[in-house]
Each structure stands twice: as C-alpha cells, then as structure tokens.
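Each chain, written out:
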Amino acid sequence: QVQLVESGGGLVQAGDSLRLSCTASAPTSSRSGMGWFRQAPGKEREFVASINRSGSFTSYVDSVKGRFTISRDNVKNILYLQLNSLKPEDTGVYYCAATSLFRPGVRPMSEYGVWGQGTQVTVSS
C-alpha cells in the first residue's frame, strides 16, 4: 500500500505563504484523486482541496479559494499545496490523502483510504 509523507509545515505570520508537499512511496498516477484535509485544535478534520489524476480538475473549500492552490507531479509522485495569504484560522494539522475514486467538490474523509501522518501549520496574528 502506498505511504504518504507530508512536509513543509511551520510557524508563520498572517499574510505569509507556505508550500506543503506530500511524497508518495508508490506512483501517484495510479490514484484517481488526491486531497488535502486539515484539523484545527478541538475541531473535526475538514476537506481543504482535491485534484484528479491528471491534475486537470481541482476543488476547494470556500474558505481557501483564491488563496490555496493544489497541484501534483505524477513523475515525482508528489502532491503540493501552496498556501498564500495565510490567516490565523488556517492553523491546524494538514493531512494529504489518496482516493481510488475521485469526485469533484467538497468530499468527506471516508472517501479517502490512504492518509499521511500530517504536518503542523501555525499562523500567528
């Protein structure tokens, strides 16, 4: 089974940018879709963004539209999430995940079967 490892998190100030990476141990091109979720302290894990196999279709939760960009490199087996104009409410642990059946729009965690261990993003005001 493919393993996912996130990196790139950190402590930044409001308005700063970060780029998260998710490296897969096996070819990501075989996965129909990949996504990013996040979990803030005391809250449930929520959908952030997703991308289909070819990278031609993406979905975002409304709160990050225009600020975050998801992309993937199927040759390097890496999923990315560019986070711009960060806000304190973006603070949380960010997880990448893979699904065998990509569906557009905001999707539940249950549709993703493979998960990484998460990377912490903290945005100070």
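The rules we used
- Residues numbered from 1 in each chain as written.
- Predicted model: local features only at pLDDT ≥ 70, side-chain atom pairs only at ≥ 80, totals over all residues.
- Heavy atoms only, no water.
- Core = buried A, V, L, I, M, F, W, Y, C linked by side-chain atoms within 4.5 Å.
- Buried < 20%, exposed > 50% of the residue type's maximum accessible area, 1.4 Å probe, protein only.
- Helix = DSSP H or I, 4+ residues; strand = E, 2+ residues; numbered from the N terminus.
- Contact = heavy atoms within 4.5 Å.
- Pairing = 2+ DSSP bridges.
- Salt bridge = Lys/Arg side-chain N within 4 Å of Asp/Glu carboxyl O.
- Phe/Tyr/Trp six-rings, centres within 6.5 Å; stacked < 30°, edge-to-face > 60°.
- Lys NZ or Arg CZ within 6 Å of the ring centre and 35° of its normal.

(A) The nonpolar core, seen in detail. In this structure, Leu4, Trp36, Leu81 and Tyr94 are the most contacted members of the largest nonpolar core, which totals 31 residues. Of all the secondary structure elements, the ones that give two or more residues to this core are strand S3 (18–24), strand S4 (33–39), strand S5 (46–52), strand S7 (68–73), strand S8 (78–83), strand S9 (92–99) and strand S11 (119–124). Excluding residues that lie within four positions of it along the chain, tyrosine 94 makes contacts with Glu6, Leu20, Trp36, Phe37, Arg38, Val48, Phe68, Leu81, Leu83, Gly118, Thr119 and Val121.

(B) Spotlight on the pairing of strand S1 (residues 4–7). Across the two faces of S1 the burial differs, with Leu4 and Glu6 buried and Val5 and Ser7 not buried at all. Alignment of S1 against S3, held across four bridges, turns out to be antiparallel. Residue valine 5 lies in a different strand from S3, and its bridge partner there is threonine 23.

(C) The pattern of salt bridges, seen in detail. Summed over the entire model, instances satisfying the criterion amount to six salt bridges. Arginine 38 is the salt-bridge partner of glutamate 46, the closest N and O atoms lying 2.6 Å from each other. Glutamate 46 sits in the partly exposed class, given a relative accessible area of 32%. Note that aspartate 90 and arginine 67 form a salt bridge whose closest N and O atoms lie 2.8 Å from each other. Of the two residues, aspartate 90 is situated in the loop between S8 and S9 and arginine 67 in the loop between strand S6 (58–60) and S7; the sequence distance between them amounts to 23 residues. No difference in accessibility class separates aspartate 90 from arginine 67, as the two residues are buried.

(D) Molecular detail of the packing of aromatic side chains. In this structure the tally under the stated criterion is six aromatic pairs. Each ring, one from phenylalanine 57 and one from phenylalanine 102, has its centre 6.1 Å from the other, and the planes form 70°; the classification is edge-to-face. Here phenylalanine 57 is found in the loop between S5 and S6, whereas its partner phenylalanine 102 is found in the loop between S9 and strand S10 (114–115), with 45 residues between them in sequence. Note on tyrosine 95 and tryptophan 115: the rings are 6.5 Å apart at their centroids and 75° apart in plane angle, and the pair reads as edge-to-face. Placement of the pair is tyrosine 95 in strand S9 and tryptophan 115 in strand S10, with a sequence separation of 20 residues. For tryptophan 115, a relative accessible area of 23% puts it in the partly exposed group. One aromatic cluster is present, built from ring pairs that chain together Phe37, Phe47, Tyr95, Tyr112 and Trp115. In this arrangement the basic side chain of arginine 45 is found over the ring face of tyrosine 95, its NZ or CZ atom lying 3.6 Å from the centre. The lysine or arginine in question, arginine 45, covers the ring of tryptophan 115, its NZ or CZ lying 5.1 Å from the ring centre.

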